[in-house]
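So the chains spell out like this:
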Amino acid sequence: MKTNNKVCGGLYTPKVMETFKNPHNYGKIKNASGIGKVGNIVCGDVMWLYIKVAQNKKKEDFIKDIKFETFGCVAAISTSSIITDLVKGKKITEALKITKDDIVKTLGGLPKIKYHCSILAIDALKEAIKDYNEKK
Amino acid sequence: MKKVYLDYAATTPVDKRVVKASEPFYTENFGNTMSLHSFGQEAKFYLDQSRQTLADLINAEPNELVFTGSATESNNTALKGCALRERSESKGKKNHIIISSIEHPCVVESAKWLKRQGFEITKLPVDEFGLVNPEDVKKAITEKTILVSVMHASNEIGTIEPIAEIGKICRQAGVYFHTDAVQSFGKIPIDVKRDNIDLLTASSHKMYGPKGIALLYIRDGVKIEPILHGGGQENGLRSSTVNVAAIVGFAKAADICKKEMSKEAKRLSKLRDKAIKNILKIKGAKLNGHPKKRLPNNINVSFPYIEGESLIIQLDMHGIACSTGSACSSIKLEPSYVLLAIGLKPEEAHGSLRISLGRFTTEKEINYLLKVLPKITKQLMAMSPFKNNEN
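Every value quoted in this text rests on a predicted model; they were computed, and no experiment measured them. (Residues numbered from 1 in each chain as written. Chains lettered and ligands numbered in written order. Predicted model: local features only at pLDDT ≥ 70, side-chain atom pairs only at ≥ 80, totals over all residues.)

A. Geometry of the overall build of chain A. Within chain A one finds five helices and three strands. Mapped in sequence order, the helices and strands of chain A form the string α-β-β-β-α-α-α-α. For a compact globule of 136 residues, the expected C-alpha radius of gyration is about 14 Å, and chain A comes in at 15 Å, within 12% of that figure. For chain A, the C-alpha atoms occupy an extent of roughly 60 × 35 × 25 Å along the three principal directions. Sorting the 136 residues of chain A into buried and exposed places 41% on the buried side. Looking at chain A alone, contacts between residues at least 24 apart form 63% of all its contacts between residues at least 6 apart. (Helix = DSSP H or I, 4+ residues; strand = E, 2+ residues; numbered from the N terminus. Rg over C-alpha atoms; globule rule 2.2 N^0.38 Å. Buried ≥ 20, exposed ≤ 12 C-beta atoms within 10 Å, placed from the backbone. Contact = placed C-beta atoms within 7 Å.)

What follows is the structure, encoded as structure tokens:
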């Protein structure tokens, strides 16, 4: 059959498809500093983010390690992977500045109907940091 | 990459024999069936011949078939055409339509439209396998009922409905019975006379014919209001220049199906059962639909804690084409109402996979699917937060 590779994955950009194919940082972190659990299985998207926080030389908190576990569609898995890439190694104050638009931009765009997945990733990160702050 | 098409319930490739049969009707015998000259009359001859072939497949009379542009149009015409005509004939006394809760969207949406025009709609429940209980049909019929519409076989879960029993009940009660036979036409035997069917929808592109052509069987004596008005083609019931090339193809496709039906049904059932048996070995996998009363080519399974769109795209990356009832794959972001109607939880519906086999499916392809699928489900499960859940 003659195929057009551009149509593989239908509505997603090549970057989304690449990320979905080879997601980074999935799995659990044992003894995580904070865990963010968002989404709802009834709606079909559940995202858990684990962060390991450490202090740099200036005694500032930074995200030393981050992992995700996600039940969801291609967009949910891709945004999970992208947010781990975007915040890994960053100071918490910087990580909190990341927006859903940063995620969408990094993925080269998302279908409008899937924007909520990028919001979910941001929410998961905020929840994980909140969890860390509460445990501190 | 190897390409494996396992989405025959969505659409089928046109059989080469069908293409060959249709071809002259695009270039040589292109006449308009309404023309009086030889070009038109020749087209009319082949139209009539095709109508006979298609009627034969369901034991109907040729004058009982109306060609339409799609199954959606046929179903719209059946519901709206009957409802509007009967309400007007009964001077408004009759205004009730009964459908099942697992009908195709074109039936559901037609019923919704009728509701907005003042009709009463009853949606019948189905059991855990997707079966309508004929007793429920009996109970739902009132003196206001015009039409009962229950599909012959489900496009999603493949369950074959007891249409003969429902037909009998409707005939005894004096209400029309319509069945959407899009998924069963050409695959399993249908007899409109034996089963007391008043209206039946079938589509060409689900059985190796071209797209853009379908039919509505309307039993002689059933009166309907046309949706399209114009030149009066198709006995005044569907004005539009008749698409002879597509109809000739549709008839050829039906002819092939008729000749190969019993052998093909056996072959596909065997492949289906082999696939089901092996897929159910995947942890947590569950069959949706009836284990026995099932289309020979339909497989529908749910995997817990795996989302369907991810599954479909992963399969696609391995060259395998299937479909899902997951919300994420739909425009509305709602899971399949058919899967919810058979009692699945939304999370189970999200993890559903429909595999539909067809004429060109080989055992080798099924083996490839059975090799790839467990790997993919494992991979997606590894990413899922629920992987340690013992449910």
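B. Representation of the interface of chain A and chain B in the model. If you look at the interface, chain A gives 21 residues, while chain B gives 19 residues. Elements represented by at least two residues in the side of chain A that touches chain B include exactly helix H1 (14-21), strand E2 (45-55), strand E3 (61-71) and helix H2 (74-87) of chain A. Here the side of chain A that touches chain B takes three residues from E3(A), the largest share from any one element. Partitioning the side of chain A that touches chain B into residue classes produces 15 nonpolar, four polar and two charged. (Nonpolar A, V, L, I, M, F, W, Y, C, P; charged D, E, K, R; others polar.)

C. Structural context of the domain arrangement of chain B. All names here are of chain B. Along its sequence, chain B is carved into domain 1 (4-11 + 261-383) and domain 2 (16-255). Relative placement of domain 1 and domain 2: their C-alpha centres are 28 Å apart. Across the contact, 22 residues belong to domain 1 and 22 residues belong to domain 2. For the side of domain 1 that touches domain 2, the element with the most residues is helix H10 (residues 337-341), which contributes three residues. (Domains from an automatic or database assignment.)

D. Region of interest: the confidence of the model for chain A. Within chain A, residue pLDDT values average 91, and 93% of them lie at 70 or more. Below pLDDT 50 for its whole length, residues 1-9 of chain A participates in seven contacts with residues either more than four positions away or in separate chains. (pLDDT = per-residue confidence, 0-100.)

E. The packing of helix H4 (residues 71-89) of chain B against helix H5 (residues 105-116) of chain B, seen in detail. Residue and element names in this part refer to chain B. Running from N to C, H4 and H5 point in directions that differ by 30 degrees, and their axes come no closer than 9 Å. Compared by their axis directions, H4 and H5 come out roughly parallel. For the pair H4 and H5, the sense of crossing is right-handed. Side by side, H4 and H5 meet where Ala71, Thr72, Asn75, Asn76, Leu79, Lys80 and Ala83 of the first sit next to Cys106, Val107, Ser110, Ala111 and Leu114 of the second. Residue classes in the contact of H4 with H5 are distributed as seven nonpolar, four polar and one charged. (Axes fitted to C-alpha atoms, helices over the stretch in contact; angles between N-to-C directions. Parallel < 35°, antiparallel > 145°, perpendicular 65-115°, else oblique. Left-handed = near helix turned anticlockwise from the far one by under 90°.)

F. The arrangement of unusual backbone geometry in detail. Of note in this structure, A:Asn31 is not a glycine but carries a positive phi near 55 degrees. Its place among the elements puts A:Asn31 in the loop between H1 and strand E1 (34-40). A positive phi angle, near 60 degrees, is found at B:Asn235, a position not held by glycine. By the secondary structure assignment, B:Asn235 is in the loop between strand E8 (214-218) and helix H8 (244-279).

G. Fine view of the sheet that holds strand E12 (residues 352-356) of chain B. All names here are of chain B. Sheet architecture is open: three strands sit in the order E9-E10-E12, paired in antiparallel fashion. Both edges of this open sheet fall to strand E9 (286-287) and E12, since each of them pairs with a single strand only. Bridge count for E9 against strand E10 (residues 298-302) is two bridges, and the pairing is antiparallel. Looking across to E10, one finds that Lys286 is bridged to Ser302. Seen against the sheet, H8 touches E9, E10 and E12 and runs at an angle of roughly 10 degrees to E10. (Pairing = 2+ DSSP bridges.)

H. Main features of the pairing of E10(B). Residue and element names in this part refer to chain B. Burial analysis of E10 places five of its five residues in the buried class, which makes it a mostly covered element. Side-chain alternation along E10 places Asn298, Asn300 and Ser302 on one buried face and Ile299 and Val301 on a second face that is also buried. Bridging between E10 and E12 involves five bridges; their strand directions are antiparallel. Its bridge partner lying in E12, Asn298 is registered against Ser356.

I. Molecular detail of helix H9 (residues 308-317) of chain B. Residues and elements named next belong to chain B. With eight of ten residues buried, H9 is to be regarded as a mostly interior element. Buried within H9 we find Gly308, Glu309, Ser310, Leu311, Ile312, Ile313, Gln314 and Leu315. Positive phi shows up at Gly319, right after H9, with a value of about 85 degrees.

J. Region of interest: the environment of A:Thr79. Residues and elements named next belong to chain A. Mapped onto the elements, Thr79 comes out in helix H2. Residues Thr79 and Leu120, 41 residues apart in the sequence, show an inter-C-alpha distance of 8.5 Å. Apart from residues no more than four positions distant in its own chain, Thr79 is found in contact with Ile103, Cys117, Ser118, Leu120 and Ala121.

K. Structural detail: the sheet that holds E3(A). Residues and elements named next belong to chain A. Spatial ordering of the open sheet is given by E1-E2-E3, a layout of three strands whose pairing is antiparallel. A strand with exactly one partner marks an edge of an open sheet, and here the two such strands are E1 and E3. Direction aside, neighbouring strands of the sheet carry axes that sit 15 degrees apart on average. Here E2 pairs with E3 via ten bridges, running antiparallel. Within E3, the position partnered with Gln55 by the bridge is Asp61. Along the sheet, helix H5 (residues 115-135) makes contact with E1 and E2, crossing E1 at roughly 145 degrees.

L. Summary view of the environment of B:Ala9. Residue and element names in this part refer to chain B. The topology assignment puts Ala9 in the loop between strand E1 (4-5) and helix H1 (16-22). As for Ala9 and Asn243, which are separated by 234 residues in sequence, their C-alpha atoms are 24 Å apart. If near-sequence neighbours (up to four positions away) are discounted, Ala9 is found in contact with Asn155, Gln183, Asn298, Arg354 and Ser356.

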